[in-house]
Amino acid sequence: MNQRLENFSNWLKETGQTFAFVHTPSNVFYLSGFHTDPHERLLGLFVFPDQDPFLVTPGMEVSQARDAGWKHDIIGHGDADNPWELIHTALKERGIEEADHVAIEKVTLAYERAEQIMQRYSGVTFTSAEEKLNELRLIKDDQELKVLREAAELADFGVETGIKALREGVTEMEVLATIEYELKKKGIREMSFSTMVLFGEKAGQPHGNPGDRKLKKGDLVLFDLGVVHNGYCSDITRTVAFQEVNEKQKEIYDIVLNAQLETLNISKPGTRLGDLDKKAREIITNGGYGDHFPHRIGHGIGIEVHEYPSMSENNDNVLQEGMTYTIEPGIYVPEIGGVRIEDDVLVTPNGYETLTKFPKELQIVG
């Protein structure tokens, strides 16, 4: 059993669980090394306090699970099968006739699937496994950091590619297509979220939708993108000016850059997470744009592009060495546009390291 599974299994023993049913692709990947999108089909990992785990996956993906290194039992089910009959047989073979306490991912488990357990084990009590899994995934090991650095380097390349594609009259979607095409040539099959390329006033929408807006002289251009690389995500935002910049745009940019740099400067073990948001918000508010910073300062990043913890101002937890997260202050003014600057950050023993390296100083391009 790998160390991650052993840590989780030990928690099951300590908390008196009969078993755990883990179903989200991200947590199954974290514990097993096998990643898949099962669509509507059942994916699950059953973990026990004192027995070897087993994996449940669509039958067509059994060989992929083996290729990923899974060495324990696999239940592969076909589209005509009832996987829960196969699961209950496997549980009975392990001597589980009754189940008092079962750990599940309460936030995301479909009620229909919870019913399958409740119908089999009357009186079962469900325990939330999210908190323990978040705790285990929070601190990245050396292999995870290697992959995250590589993913960040590819995100840097994506921004560089997008800037090179800017020319007067090009559309947002044309630039977006160029970025993703060049990344696919480097072996990237999947972006970590829908790539954003926003011109001019559309950059004033924090989560705007790229379209047929054409690039004009004096536009701010906001790039927000990331890749999935060997199961781990990156996320970068950079904003540039096309051909020229006016004083208001430069003022906004300078405030956001200062907020980002000052927030990075307090990123070190022991810093309260909420104080990161507070620092950036204070700088942006003092600059006169507090009402134009509508989102938190950042989020955890790893297997998922948005994962635990949420870096909001009311979070009293503290930074720990090995955590990875984003710092991404922004100002969005509808008639002017918007600026966001985002990096992926690692907490080091004495401070921080930005995994994304693309320059942040204001660039006037084209």
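Values in this document were obtained by computation on a predicted structure and should not be read as measured data.

## Focus on the nonpolar core
- Membership of the largest hydrophobic core comes to 30 residues, with the highest contact counts inside it found for Phe8, Leu12, Leu31, Leu45, Val47 and Leu55.
- Elements with a minimum of two residues in this core: α1 (3–14), β1 (19–22), α2 (25–32), β2 (44–47), α6 (130–138) and α7 (142–164).
- Aside from chain neighbours lying at most four places away, what touches Val47 is Leu5, Phe8, Ser9, Leu12, Phe19, Ala20 and Pro53.
- In terms of nonpolar packing, the next biggest core, distinct from the first, is built from 29 residues, Ile252, Tyr325, Ile331 and Val347 among them.

## Thoughts on the side chain of Glu105
- Tracing the sequence through the fold places Glu105 in the loop between β5 (101–104) and α5 (111–120).
- No salt bridge is formed by the buried Glu105. Its closest oppositely charged neighbour is Arg137, at 6.5 Å.
- Polar contacts involving the side chain of Glu105 include one to the side chain of Asn27, which spans 2.7 Å.
- Setting aside residues up to four positions removed in sequence, Glu105 forms contacts with Phe21, Val22, His23, Thr24, Asn27, Glu130 and Leu133.

## Here's the deal with the sheet that holds strand β3 (residues 54–58)
- Read from one edge to the other, the open sheet built from six strands follows the order β4-β3-β2-β1-β5-β6, with strand pairing classed as mixed. Each of the sheet's edge strands pairs with one partner strand only, and the pair in question is β4 (73–77) and β6 (125–128). Averaged over neighbouring strand pairs, the angle between their axes works out to 20° when direction is ignored.
- Taken together, the four bridges between β5 and β6 define a ladder with parallel strand orientation. Within β6, the residue paired with Ala103 across the bridge is Thr127.
- Seen against the sheet, α1 touches β1, β2, β5 and β6 and runs at an angle of roughly 60° to β2.

## Notes on the pattern of salt bridges
- This structure, assessed with the given rule, holds 27 salt bridges.
- Two residues, Asp141 and Arg4, come together in a salt bridge whose shortest N-O distance is 3.3 Å. With a gap of 137 residues between them, Asp141 in the loop between α6 and α7 and Arg4 in helix α1 connect regions that are remote in the sequence.
- Ionic contacts of the salt-bridge type, sharing partners, join the residues Arg137, Lys140, Glu304 and Glu307 into one network.

## So, the packing of α1 against α6
- It is at 11 Å that the axes of α1 and α6 come closest, and there the two elements cross at 145°. Seen along the crossing, α1 lies across α6 with a hand that is right-handed. Here α1 contributes Asn7, Phe8 and Trp11 to the contact with α6, which in turn contributes Lys132, Leu133 and Leu136.

## Notes on the pairing of strand β17 (residues 343–347)
- Here β17 lies mainly inside the structure; five of its five residues are buried.
- The sheet contact formed by strand β14 (residues 324–327) and β17 spans four bridges and is antiparallel. Bridge pairing links Thr324 to Leu346 in β17.
- Examined bridge by bridge, β17 and strand β18 (residues 352–354) share three bridges and lie antiparallel to one another. By the bridge assignment, Val345 is partnered in β18 with Thr354.
- Adjacent in sequence and paired antiparallel, β17 and β18 are bridged by four residues.

## Examining the sheet that holds strand β11 (residues 236–242)
- The mixed open sheet is built from four strands, whose spatial order is β7-β8-β11-β19. Lying at the two open borders of the sheet, with one neighbouring strand each, are β7 (196–199) and β19 (364–365).
- The sheet contacts of helix α8 (residues 172–185) involve β7 and β8 (220–225), and relative to β7 the element is tilted by about 150°.

## Quick notes on unusual backbone geometry
- At the junction of Tyr308 and Pro309, the peptide bond is cis and its omega measures out at 5° in the coordinates.
- Note that Pro309 resides in strand β13 (residues 307–310).
- If you check the backbone angles, Asn230 has positive phi at about 50° while not being a glycine.
- Its location among the elements puts Asn230 in the loop between β9 (228–229) and β10 (232–233).
- In this structure, Gln243 is a non-glycine residue whose phi angle is positive, near 75°.

## Things to note about the packing of helix α4 (residues 83–93) against α5
- Orientation of α4 relative to α5, taken along the N-to-C sense of each, is 45°, at an axis distance of 11 Å. Between α4 and α5, the angle falls in the class oblique. Judged by the sense of rotation from one axis to the other, the crossing of α4 with α5 is right-handed. When α4 is examined against α5, the residues Trp84, His88 and Lys92 are found in contact with a partner set consisting of Arg113, Gln116, Ile117 and Arg120.
- Per-class residue counts for the contact of α4 with α5 are two nonpolar, two polar and three charged.

The rules behind the values
- Residues numbered from 1 in each chain as written.
- Predicted model: local features only at pLDDT ≥ 70, side-chain atom pairs only at ≥ 80, totals over all residues.
- Heavy atoms only, no water.
- Core = buried A, V, L, I, M, F, W, Y, C linked by side-chain atoms within 4.5 Å.
- Buried < 20%, exposed > 50% of the residue type's maximum accessible area, 1.4 Å probe, protein only.
- Helix = DSSP H or I, 4+ residues; strand = E, 2+ residues; numbered from the N terminus.
- Contact = heavy atoms within 4.5 Å.
- Lys, Arg positive; Asp, Glu negative; His and termini not counted.
- Salt bridge = Lys/Arg side-chain N within 4 Å of Asp/Glu carboxyl O.
- Polar contact = N/O pair within 3.5 Å; in protein donor to acceptor, adjacent residues only side chain to side chain.
- Pairing = 2+ DSSP bridges.
- Axes fitted to C-alpha atoms, helices over the stretch in contact; angles between N-to-C directions.
- Left-handed = near helix turned anticlockwise from the far one by under 90°.
- Parallel < 35°, antiparallel > 145°, perpendicular 65-115°, else oblique.
- Nonpolar A, V, L, I, M, F, W, Y, C, P; charged D, E, K, R; others polar.

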